[in-house]
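# Chain and residue survey
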There are 2 protein chains.
Amino acid sequence: MDIQEGKQKFIESWGKMASDWGINRTMAQVHALLLVAPDALTADEVMDGLSISRGNANMNLRALIDWGLVHKKLKSGERKEYFYAEKDMWKVVRQIIIHRKKKELEPMLKVLDEVAGVEANCPQSESFCNVVKDIRKLSQKADKTLDTLIKADSSWFSTIFYQMVR
Amino acid sequence: MDIQEGKQKFIESWGKMASDWGINRTMAQVHALLLVAPDALTADEVMDGLSISRGNANMNLRALIDWGLVHKKLKSGERKEYFYAEKDMWKVVRQIIIHRKKKELEPMLKVLDEVAGVEANCPQSESFCNVVKDIRKLSQKADKTLDTLIKADSSWFSTIFYQMVR
DNA sequence: CACTGGTTTCAATTATTTTTGAAAACAAAA
DNA sequence: TTTTGTTTTCAAAAATAATTGAAACCAGTG
């Protein structure tokens with residue numbers, strides 16, 4: 001396998017994994033393409049690199065910027081925009097956590113809080129109440145742990161441990 | 001909000017969250033329905049409860065059993081099957097981790113290993129190699145941590161800590 | 001101002017995923 | 001064996017998500 005094949009395989013597999021996790025496959029492929037690119041790319045280079053339309057490229061590049069995984073760069077004298085990916089993998093993980101926590105964990109917690117209002121007039125044995133209570137406890141723990149992790153940055157493991165044991 | 005509304009809301013929101021994470025929405029709703037049900041349900045009760053077809057109910061019940069989140073139960077004298085969900089939330093989390101790790105993390109790691117073969121003839125500066133190297137390191141760490149977590153069960157936090165600091 | 005090189009938008013199309021429902025398969029009971 | 005109650009399968013239909021591409025837009029430049 002040469003470098004070119006390797007890149008290709010990496011891009012495909014990054015896309016596959018993303019779509020397993022409910023993230024648009026093309027968005028992940030654009031991300032992968034930028035990750036392995038030695039320099040920032042233009043929208044046209046992304047289009048060519050992945051054989052996708054201008055609209056598609058644009059949408060997914062914007063989404064990646066929204067996730068904080070890709071940034072724009074302007075080259076002096078040039079009119080077009082260049083895009084490059086954040087390559088520090090810890091930062092990447094961190095951004096993904098921030099984004100998905102906000103968009104998915106937090107709304108779920110909100111619903112659980114609402115639903116938990118019912119608990120008051122719940123007989124202790126009622127399975128619904130127990131399940132909600134358990135999931136809520138777990139989610140809150142996850143929420144706090146992720147908050148700590150987000151703030152913690154590189155020395156995360158010791159802070160996470162502190163979070164977990166209390 | 002009464003109990004019935006609460007259950008409804010919980011089922012909806014569990015389904016929504018699942019589909020955000022690339023899991024079939026109906027599968028998660030069946031799971032939620034069984035989680036909040038005081039007793040085991042028949043396929044027909046699931047169909048009615050969620051207004052879905054027999055085929056759909058059957059498929060998703062089987063998938064849940066495959067994930068280890070739901071079990072069958074036979075009542076003596078009765079011919080039909082009853083289904084009930086595992087309600088210990090730690091076990092639920094554990095099963096989900098086991099399943100997704102096997103189906104998603106492991107294949108990704110395999111690809112990374114293959115792709116990493118290229119590294120040999122990579123100049124140190126080559127961004128592709130660095131990215132692959134970093135992701136691989138991270139995934140392997142995640143893989144090991146999850147293994148430890150899966151084995152660790154309830155006293156997980158101290159074992160995970162041990163895993164993380166080394 | 002009008003032109004040029006670029007980006008963004010979004011209705012229509014295409015691809016993918018999920019669901020249906022009727023037929024087939026099964027297995028316990030008659 | 002046949003009947004009956006049940007589960008399973010899977011091709012076709014429906015629902016959902018992603019993609020295209022052309023028009024609208026935007027901002028420097030002449």
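Please refer to the structure higher up on the page.
Counting restarts for each chain: residues are numbered from 1 in the order of the written sequence. By the order in which they are written, chains take letters starting at A while ligands take numbers starting at 1. Note on the predicted model: pLDDT of at least 70 is required for a residue's local features to be given, and 80 or more for side-chain atom pairs to be given and counted; whole-chain, interface and lining totals, by contrast, use all residues. The side-chain quantities take in all heavy atoms of the structure and omit both hydrogens and water.

Glancing now at the interface of chain A and chain B. It only takes one pair of heavy atoms within 4.5 Å for two residues to be counted as in contact. Counting from both sides, the interface comprises 43 residues of chain A and, opposite them, 43 residues of chain B. By buried area we mean how much accessible surface two parts lose on assembly, using a 1.4 Å probe and totalling the loss over both. Taking both sides of the interface into account, the surface hidden between chain A and chain B amounts to around 4,300 Å²; carbon and sulfur atoms contribute 79%. Throughout this description, the term salt bridge denotes a Lys or Arg side-chain nitrogen within 4 Å of a carboxyl oxygen of Asp or Glu. Applying the counting rule to chain A against chain B returns two salt bridges. A salt bridge links Lys-9 of chain A to Glu-114 of chain B; the shortest N-O distance between them is 2.6 Å. A 3.5 Å cut-off defines polar contacts: any pair of N or O atoms within that distance qualifies, except that in protein one atom must be a possible hydrogen donor and the other a possible acceptor, and neighbouring residues in sequence count only when both atoms are side-chain atoms. At the junction of chain A and chain B, the tally comes to 10 residue pairs in polar contact (both at pLDDT 80 or more). Starting at the N terminus, helices and strands are each numbered in turn, a helix being any DSSP run of H or I of at least four residues and a strand any DSSP run of E of at least two. The element that contributes the greatest number of residues to the side of chain A that touches chain B is helix 5 (residues 89-116) of chain A, accounting for 11 residues. For this classification, Asp, Glu, Lys and Arg are treated as charged, while Ala, Val, Leu, Ile, Met, Phe, Trp, Tyr, Cys and Pro are nonpolar and the rest, including Gly, are polar. For the side of chain A that touches chain B, the class distribution of residues is 30 nonpolar, four polar and nine charged.

This part takes up the side chain of Asp-20 of chain B. Looking at where Asp-20 of chain B falls in the secondary structure, it is placed in helix 1 (residues 3-20). Type-normalised accessible area, obtained with a 1.4 Å probe on protein chains alone, sets the label of each residue: buried when under 20%, exposed when over 50%, and partly exposed for intermediate values. Under the relative-accessibility criterion, Asp-20 of chain B is labelled buried at 17%. Not counting chain neighbours up to four residues away, the residues in contact with Asp-20 of chain B comprise Trp-21, Gly-22, Arg-100 and Glu-104 of chain A.

With that settled, consider the relation of the copies chain A and chain B. The relation between the two chain copies is a rotation about an axis coupled with a shift along that axis. Taken as rigid bodies, chain A and chain B are interconverted by a rotation of 180 degrees and an axial shift of 0.0 Å, the fit giving an RMSD of 0.1 Å. Within this description, the copies of the chain are treated as partners about a two-fold rotation axis. No C-alpha of chain A approaches the rotation axis more nearly than that of Gly-22 of chain A, which lies at 2.0 Å. Here 100% of the interface residues in chain A have copies in chain B that are interface residues too; the copies meet face to matching face. Least squares is used to superpose the copies, and the fit set is the C-alpha atoms of residues whose pLDDT is at least 70 in both copies.

Our next topic: helix 4 (residues 54-66) of chain A. All names here are of chain A. The terminal C-alpha atoms of helix 4 lie 18 Å apart, and with 13 residues this matches the ideal 18 Å at 1.5 Å per residue to within 8%. The complete set of buried residues in helix 4 reads Ala-57, Asn-60, Leu-61 and Leu-64. End-on, the buried residues of helix 4 take up no more than an arc of 105 degrees, which puts them together on one face. Away from the buried face of helix 4 by more than 90 degrees, exposed residues Met-59 and Asp-66 are located. Contacts made by the buried residues of helix 4 are with helix 2 (25-36), helix 3 (43-50), strand 2 (70-74) and strand 3 (81-85). Once helix 4 ends, the next one or two residues include Gly-68, with phi positive near 75 degrees. To estimate how far a helix should reach, multiply one less than its number of residues by 1.5 Å. Arc definition: directions from the helix axis to the C-beta atoms.

Let's shift gears to the pattern of salt bridges. Inspection of the entire model under this criterion finds 22 salt bridges over all chains. Ionic contacts of the salt-bridge type, sharing partners, join the residues Lys-101, Glu-106, Asp-143 and Asp-147 of chain A into one network.

Moving on: the protein's contact with DNA strand D. Thr-26, Ser-53 and Arg-79 of chain A together with Asn-58 and Arg-79 of chain B are the nearest of the 16 residues found near DNA strand D. One heavy atom suffices: a residue is near a molecule or strand as soon as one of its heavy atoms comes within 4 Å of it. Among the atoms of DNA strand D lying within 4 Å of the protein, the sugar-phosphate backbone contributes 61%. Between Asn-24 of chain A and DNA strand D, the recorded distance is 3.5 Å, taken from a side-chain N or O atom to a phosphate oxygen. At 2.3 Å, a side-chain N or O of Asn-58 of chain B approaches a phosphate oxygen of DNA strand D. Those elements that provide at least two residues to the surface near DNA strand D are helix 4 of chain A together with helix 4 (54-66) of chain B. If one sorts the elements of the surface near DNA strand D by residue count, helix 4 of chain B sits on top with five residues.

Quick look at the state of the cysteines now. All names here are of chain B. Criterion for a disulfide: a pair of cysteine sulfur atoms at a distance within 2.5 Å. Evaluated as defined, the whole model comprises two disulfides over all chains. What pairs with Cys-122 in a disulfide is Cys-129, and their sulfur atoms sit 1.7 Å apart. Judged by its relative accessible area of 15%, Cys-122 is buried. A residue is classified by how much of its surface remains accessible, and Cys-129, at 4% relative accessible area, is buried.

Neighbouring DNA strand C are 16 residues; Asn-58 and Arg-79 of chain A together with Thr-26, Ser-53 and Arg-79 of chain B lie closest to it. The protein-proximal atoms of DNA strand C, defined as those within 4 Å of the protein, are 59% sugar or phosphate. At 3.0 Å from a base oxygen of DNA strand C is found a side-chain nitrogen or oxygen belonging to Arg-79 of chain A. Take Ser-53 of chain B: an N or O atom from its main chain is 2.8 Å from a phosphate oxygen of DNA strand C. Among the elements of the structure, helix 4 of chain A together with helix 4 of chain B are those that each provide at least two residues to the surface near DNA strand C. Considering each element in turn, the surface near DNA strand C owes the most residues, five residues, to helix 4 of chain A.

That is the geometry; function is a separate question.
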